[in-house]
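# Descriptive structure summary
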Amino acid sequence: MTTLALALPQFLLAATFFAIPVVGARRGTAAQREAESELIRQGVPATVLTRYGIDFGATRGSFVLAVAIGVLFAVLATLNLAGDDMAETLTWIFQPIVLVLGCLIMPGEVFVVRGIRSTFRKSGDAVAQGIDVEALVAAVRRRFPGWLPHVILARFVLATLGSALVLVLLATSSG
């Protein structure tokens, strides 16, 4: 039972690391164009997004990194499920890393409006601060499948609470 309890959150986490970048790669360019069009509708230059590093697609680097993390956790889950001796050590190494990523990076993906609004507010740029961020994000979301925000939230929950659960299970089952 413990091996399944360790492997299941890891398999689910791996799946999110495959799904999200694939959707970003397939639909991200259209979403970015939609964001730029929304800014133009608001009377704001589309270059504001580039100026503040806001990109709704998946760069080649982010795609490769996400898929690599997905592969890592799929392998780790498989090793845990098989009861492999190295699985515990590798889980102790990689699960805390994804827990930290979940706490530091992933909230920005879940709370997009708040994150972009904060970026614009901190910029001191009156034009950026005047952007209707809700309308901007709504325009972008129209270009992505409706299920994507749920998968992003699931990845956040699995990376944080799921990782904590895996680590607690490891700590309480170790001898």
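Attention in this report is confined to the structure presented alongside it. This structure is a prediction, so every number in the text was calculated from the model and none was measured.

### Describing the side chain of E34
Note that E34 resides in helix α1 (residues 2-41). Excluding residues within four positions of it along the chain, E34 makes contact with R41, A139, V140, R142 and R143.

### Looking at a nonpolar patch on the surface
There is a patch of nonpolar side chains on the surface, built from L4, L8, F11, L12 and L81 and spanning about 440 Å² of accessible area. At four residues, α1 tops the list of elements feeding residues into the nonpolar patch. Residue position: L8 is located in helix α1. When its relative accessible area of 46% is taken as the criterion, L8 is described as partly exposed.

### A look at the packing of aromatic side chains
Scanning the model with the defined rule gives two aromatic pairs in all. Their ring planes at 80 degrees and their centres at 6.5 Å tell us that F111 and F156 sit as a pair that is edge-to-face. Here F111, found in the loop between α5 (107-110) and α6 (112-123), pairs with F156, found in helix α9 (residues 148-173); they are 45 residues apart in sequence, far enough to count as distant. For F156, a relative accessible area of 18% puts it in the buried group. Over the ring of F111 we find R114; its NZ or CZ atom is 4.7 Å from the centre of that ring. The ring centre of F17 lies 4.7 Å from the NZ or CZ of R155, which sits over that ring.

### Remarks on the pattern of salt bridges
Going through the model one piece at a time under the given rule, you end up with seven salt bridges. Of the charged contacts, one joins R142 and E34 as a salt bridge, the two residues approaching to 3.7 Å between their closest N and O atoms. Placement of the pair is R142 in the loop between α8 (133-141) and α9 and E34 in helix α1, with a sequence separation of 108 residues. The exposure class of R142 is exposed, given its relative accessible area of 56%. Three or more residues joined by partner-sharing salt bridges are found here, namely E34, E38, R41, R142 and R143.

Cut-off values and rules
Residues numbered from 1 in each chain as written. Predicted model: local features only at pLDDT ≥ 70, side-chain atom pairs only at ≥ 80, totals over all residues. Heavy atoms only, no water. Helix = DSSP H or I, 4+ residues; strand = E, 2+ residues; numbered from the N terminus. Contact = heavy atoms within 4.5 Å. Patch = residues over 30% accessible without salt bridge, like charges linked within 9 Å, V, L, I, M, F, W, Y side chains within 5 Å. Areas by Shrake-Rupley, 256 points an atom, 1.4 Å probe, with all protein chains shown as cover. Salt bridge = Lys/Arg side-chain N within 4 Å of Asp/Glu carboxyl O. Buried < 20%, exposed > 50% of the residue type's maximum accessible area, 1.4 Å probe, protein only. Phe/Tyr/Trp six-rings, centres within 6.5 Å; stacked < 30°, edge-to-face > 60°. Lys NZ or Arg CZ within 6 Å of the ring centre and 35° of its normal.

Purely geometric stuff here, so don't read any function into it on its own.
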